[in-house]
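# Fold and geometry: a report
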Amino acid sequence: MAGAIVVIFLILVAILAPVLTRLFGHPIDEYHTDKIDPTLGTPIGRLGGISWDFLFGVEPQSGRDIFSRILYGAQTSLSVAFLSAFVSTILGSVFGLMAGFLGGWVDATISRVMDFLLAFPQLLFAIALLSVLPDELFGLGDRWSRVLVLVGVIGFFGWPYIGRIVRGQTLSLREREFVEASRSLGARSGRILFRELLPNLAAPILVYTTLIIPTNILTEAALSFLGVGIPPPNPSWGGMLSDAVTFYQIDPMYMIIPGGVIFLTVLAFNLFGDGLRDALDPKAR
Amino acid sequence: MLAYLIRRLINAVITLLVVTAVTFGIFFAIPKAIGSDPALLYIGKQSDPAAIAGISAKMGFDDPIVVQYGKFLKGIVAGRDYANGPDVTHCPAPCLGYSFATDQEVTPLLLEDLPVTLSLALGAAVLWVILGVATGVLSALRRGTFVDRAAMTTALAGVSLPIYFTGLLASAIFVYWLEWLPQGNYVPFTENPGEWFTSLILPWITLAFLFAATYARLTRANMLETLGEDYVRTARAKGLRERTVIGKHALRSGLTPLVTVFGLDLGALLGGAVLTESVFNLRGLGYQALTAIRQSDLPIILGVTLIAAFFIVFANLVVDLVYGWIDPRVRLA
């Protein structure tokens, strides 16, 4: 329950980021060098320069407003996480259903591909792939182009998790009487797949989709932390943490704020997913 | 059993072939398609055309991609000679080529990094298995009590914490503020076991915390399921002591599923713990890969990917073999 409230709050924050920034923050690219100690490069004032004017303090050196950068970071982080979960779910459901329902060589091929993808050094591969793919796509600007590329890469590596579960469930469901009844009434495979099996698979698909969202948030932040995610100066949580590496001994707040935000977001989504699973599948409690 | 083993080995080799082919394709074909020349990466941008052509011929960049892949595979098995007329360089098996950035042989470079990654992964694995399983079992046995709730809340927090944050936080606290641990880099075990230990203790704990949290949750769920089984009730009804019921009957089947997860996790880590190594400046395989990616050093990227995939495939194989032994219901055929 608490998880659900925080999740909704975060989604609203991400959507309203421009409005909230105008009300409580400063533009993300505005430099405030007057807030920076010129010799150390750290924010003036306690706790990384937190004040009523700068709710989360300012960045070392540039003096950019951390509060608005966190808000815009939420936009990128959540859109990557949701869209890639969506990609994984679609691919995983379609291939899982096909493998479980059709069996035979289709099942063998799809299962082999899933095993193969799970046996892949994924993070390494994602980093390498992201570093050779171009920064600009379809004239979207570097921020949303990168979001799109990240969605593709994270979504693609995530589908076998969903696919395996859907396949397993399909295997047990297809032997059930209602499928047999439908088949004896002359239903075609397509109808059995989408009208009989899919509705019964909705609950597990929903639960596992919810549970890969926090993983995706962590992956996106990790990739941005490693410098292959959202390119600077666009704000991203992982990117902020990576900048904080140089400053964490003298300005720990600059590390604690994005780290804490990632932690709370992932925790909320995990709580929400666990709650959803317990509600939809009381046996797993 | 032997037939099963042979079939699994053939499968493993095929998987490795596919992984290398895909990696090879992506890192040699995409740059080619977008017009960057590997010879330029190798020799540097300002070289004269004759030198570039020479390098291209010597390294075989002019060959079709399939031929290059074939030569790469041959290098792994039998070593290979790079030749451009009289200029011949021999690279002994298992040859993974030469680094574009430093012109060194890739194989010895990676072998140098392997002990760092091994130390990190194995040490952390010991910690997380003990910690995670103990917490999970305790939680399951004390279900619903304060201990259970506290442990599971911690575990949930643990799986939600990114390692690049906990790592920084831990070194900020223990190295810079409390000064309990020395600042410094990895020290090889053979050089000084004591310093090896202190240089790794923080990475171990950070990495183990993340995995321990996952394992505690898994163990608890498995144990609860097992404790609800009929045979556990039967064991209790026979009047066995609780310790025997738990220790001899419930634990065994409750922990079996963890073996699979453990094998995969360890296998994945042995190929390079990219994030942990990068946060703690440990120059292992993951760190090497990251540096290579930043410098577009294709042969090293390819080498690390291959080693990483090898560990994962190998771990899978070991898990399946061990499984038949710990779980007699699984027949290997």
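Residues numbered from 1 in each chain as written. Chains lettered and ligands numbered in written order. Predicted model: local features only at pLDDT ≥ 70, side-chain atom pairs only at ≥ 80, totals over all residues. Heavy atoms only, no water.

### Focus on the overall build of chain B
Here is the rule: We count a stretch as a helix when DSSP gives it H or I for four or more residues in a row; a strand needs E for two or more, and each element gets its number in order from the N terminus. A 1.4 Å probe rolled over the protein chains alone gives each residue an accessible area, and that area as a share of the maximum for its type sets the label: buried under 20%, exposed over 50%, partly exposed in between.
Within chain B, the secondary structure is distributed over 13 helices and two strands. Looking at chain B as a whole, 49% of its 333 residues qualify as buried.

### Structural notes on the overall build of chain A
The condition is simple: By the convention used here, residues are in contact when the closest approach between their heavy atoms is within 4.5 Å. We get accessible surface area from the Shrake-Rupley algorithm with a probe of 1.4 Å; when it comes to residues, only the shown protein chains can shield them.
A tally of regular secondary structure across chain A gives ten helices and zero strands. Along chain A, from the amino end to the carboxyl end, the secondary structure elements read α-α-α-α-α-α-α-α-α-α. Across chain A, every contact between residues at least 6 apart in sequence was considered, and the portion connecting residues at least 24 apart equals 71%. If you sum the accessible surface of chain A, you get close to 13,100 Å²; carbon and sulfur atoms cover 66% of it.

### Describing the pattern of salt bridges
The condition is simple: Each salt bridge in this description consists of a side-chain nitrogen of Lys or Arg and a carboxyl oxygen of Asp or Glu lying within 4 Å of one another.
What the rule picks out here adds up to seven salt bridges over all chains. A salt bridge links A:Arg167 to A:Asp107; the nearest nitrogen and oxygen atoms lie 2.7 Å apart. Here the residue A:Arg167 occupies a position in helix α6 (residues 141-173), and A:Asp107 occupies one in helix α4 (residues 104-118), the gap between them amounting to 60 residues. A:Arg167 sits in the partly exposed class, given a relative accessible area of 23%. A:Asp107 sits in the buried class, given a relative accessible area of 12%. We note a salt bridge from B:Glu242 to B:Arg236, for which the minimum N-O separation is 2.8 Å. The class of B:Glu242 is partly exposed, set by a relative accessible area of 42%. When salt bridges that share partners are traced, they join A:Asp274, A:Arg277 and B:Arg217 into one network.

### Overview of the packing of aromatic side chains
Under the convention used in this document: Working definition: a ring pair exists when centres of Phe, Tyr or Trp rings (six-membered ring for Trp) sit within 6.5 Å. Plane angles under 30 degrees give stacked, over 60 give edge-to-face, the rest tilted.
The final tally for this structure, using the stated rule, is nine aromatic pairs over all chains. With a centroid separation of 5.8 Å and an interplanar angle of 70°, the aromatic rings of A:Phe82 and A:Phe269 are classed as edge-to-face. Of this pair, A:Phe82 sits in helix α3 (residues 66-102) while A:Phe269 sits in helix α10 (residues 253-280); the two residues are 187 residues apart in sequence, bridging distant segments of the chain. An aromatic cluster of at least three residues, connected via ring pairs, comprises B:Trp128, B:Phe211, B:Tyr215 and B:Phe262.

### Observations regarding the side chain of B:Asp265
Among the structural elements, B:Asp265 can be located in helix α10 (residues 242-270). What B:Asp265 contacts, discounting residues up to four positions off in sequence, is B:Trp128, B:Phe211 and B:Tyr215.

### Some thoughts on the interface of chain B and chain A
Under the convention used in this document: Here's the idea: put two parts together, see how much 1.4 Å probe accessible area each one loses, and the total over both is what we call buried area. Definition of a polar contact: a pair of N or O atoms within 3.5 Å, with one able to donate and the other able to accept a hydrogen when the atoms are protein atoms, and with sequence-neighbouring residues admitted only if both atoms are side-chain atoms. Here the nonpolar group is Ala, Val, Leu, Ile, Met, Phe, Trp, Tyr, Cys and Pro; Asp, Glu, Lys and Arg are the charged ones; every other residue, Gly included, is treated as polar.
Taken together, the contacts link 41 residues of chain B with 35 residues of chain A. A buried area of about 3,400 Å², summed over both sides, lies between chain B and chain A, and 79% of it is on carbon and sulfur atoms. Interface area lost by chain B to chain A is led by B:Tyr164, B:Phe165 and B:Leu168, which between them contribute 18%. The tally of links from chain B across to chain A stands at one salt bridge. Residue B:Arg217 is joined to A:Asp274 by a salt bridge in which the shortest nitrogen-to-oxygen separation is 3.2 Å. Linking chain B with chain A are five residue pairs in polar contact (both at pLDDT 80 or more), by the criterion used here. Elements represented by at least two residues in the side of chain B that touches chain A include exactly α1 (2-33), α6 (146-160), α7 (163-177), α11 (274-279), α12 (285-294) and α13 (298-326) of chain B. Of all the elements, α1(B) adds the most residues to the side of chain B that touches chain A, at nine residues. In terms of residue class, the side of chain B that touches chain A is built from 30 nonpolar, eight polar and three charged.

### Thoughts on the nonpolar core
To be explicit about the condition: The nonpolar core is taken to be a set of buried Ala, Val, Leu, Ile, Met, Phe, Trp, Tyr and Cys residues, with the residues joined through side-chain atoms within 4.5 Å.
With 156 residues, the main nonpolar core has B:Phe27, B:Trp128 and B:Tyr164 as its most contacted residues. When residues of this core are assigned to their parent elements, the largest contribution, 14 residues, is made by helix α8 (residues 193-227) of chain B. Setting aside chain neighbours within four positions, we find B:Trp128 in contact with B:Ala121, B:Val133, B:Ala208, B:Phe211, B:Ala212, B:Tyr215, B:Phe262, B:Asp265 and B:Leu269. Ranked by size, the runner-up nonpolar core spans six residues in total, among them A:Val13, A:Ala17, A:Phe67 and A:Leu71.

### Some details on the environment of B:Leu285
Residues and elements named next belong to chain B. Tracing the sequence through the fold places leucine 285 in helix α12. Here leucine 285 falls in the buried class, since its relative accessible area comes to 0%. The sequence separation of leucine 285 and aspartate 81 amounts to 204 residues, and the corresponding C-alpha distance is 26 Å. Ignoring anything within four residues of it in the chain, the contact list for leucine 285 reads Leu110, Asp113, Leu114, Thr117, Leu270, Gly271, Gly272, Glu277, Val304 and Ile307.

### Comments concerning the packing of helix α1 (residues 2-15) of chain A against α3(A)
Residue and element names in this part refer to chain A. Spelled out, the test is: All axes are obtained by fitting lines to C-alpha atoms, using only the stretch in contact for helices, and the reported angles, taken between N-to-C directions, cover 0 to 180 degrees. Working rule for handedness: look at the near helix, and if it is turned counterclockwise from the far one by less than a right angle, call the crossing left-handed; if clockwise, right-handed.
Between α1 and α3, the least distance of the axes is 8 Å, while the angle of their chain directions is 115°. Seen along the crossing, α1 lies across α3 with a hand that is left-handed. Contacts between α1 and α3 pair Leu10, Ile11, Val13, Ala14 and Ile15 from the former with Leu71, Ala74, Gln75, Leu78 and Phe82 from the latter. The residue makeup of the contact of α1 with α3, split by class, is nine nonpolar, one polar and no charged.

### Some details on the confidence of the model for chain B
Residues and elements named next belong to chain B. Rule in force here: As a per-residue measure, pLDDT reflects the predictor's confidence and takes values from 0 up to 100.
Across chain B, the average pLDDT comes to 80, with 86% of residues at 70 or higher. When mean pLDDT is compared element by element in chain B, helix α5 (residues 106-141) scores highest at 89, while helix α2 (residues 38-43) scores lowest at 61. Across the predicted assembly, pTM comes out at 0.83 and ipTM at 0.78.

### Remarks on the side chain of B:Thr256
Residue and element names in this part refer to chain B. Structurally, threonine 256 can be placed in helix α10. Its relative accessible area of 6% is what places threonine 256 among the buried residues. Residues contacting threonine 256, with those up to four places away along its chain left out, are Tyr323, Ile326 and Asp327.

### Some remarks on the environment of B:Ser199
Residues and elements named next belong to chain B. Secondary-structure assignment places serine 199 in helix α8. Residue class for serine 199 comes out buried when judged on its relative accessible area of 17%. Each C-alpha atom of the pair serine 199 and glutamine 183 lies 8.2 Å from the other, and the pair is 16 residues apart in sequence. Those residues in contact with serine 199 that sit more than four places away from it in its chain are Asn185, Tyr186 and Val187.

### Regarding the environment of A:Ser242
Residue and element names in this part refer to chain A. Examined against the element boundaries, serine 242 turns out to sit in helix α9 (residues 237-244). For serine 242, a relative accessible area of 24% translates into the label partly exposed. Separated by 29 residues in sequence, serine 242 and isoleucine 213 have C-alpha atoms that sit 22 Å apart.

### A closer look at the packing of helix α5 (residues 122-132) of chain A against α12(B)
For any two helices packed against each other, the geometry comes down to the angle between their axes and how far apart the axes lie. The condition that has to hold: Orientation labels follow simple angle bins: below 35 degrees gives roughly parallel, above 145 gives roughly antiparallel, 65 to 115 gives roughly perpendicular, and whatever is left gives oblique.
Look at α5(A) against α12(B): their axes get within 10 Å of each other, and the N-to-C directions meet at 10°. Classified by the angle their axes make, α5(A) and α12(B) are roughly parallel. Contacts between α5(A) and α12(B) involve A:Leu124, A:Ile127, A:Ala128 and A:Ser131 on the former and, on the latter, B:Ala289, B:Leu290 and B:Ile293. Of the residues contributing to the contact of α5(A) with α12(B), the split by class is six nonpolar, one polar and no charged.

### Observations regarding α7(B)
Each full turn of the α-helix corresponds to 3.6 residues, which orients residues three or four apart in the same direction. So the rule is basically this: Expected span, for any helix, means 1.5 Å times one less than how many residues it has.
With 15 residues, α7(B) ought to run about 21 Å at 1.5 Å a step, and its terminal C-alpha atoms sit 20 Å apart, in line with that. The inward-facing, buried residues of α7(B) abut α8 (189-225), α9 and α10 of chain A together with α8 and α11 of chain B.

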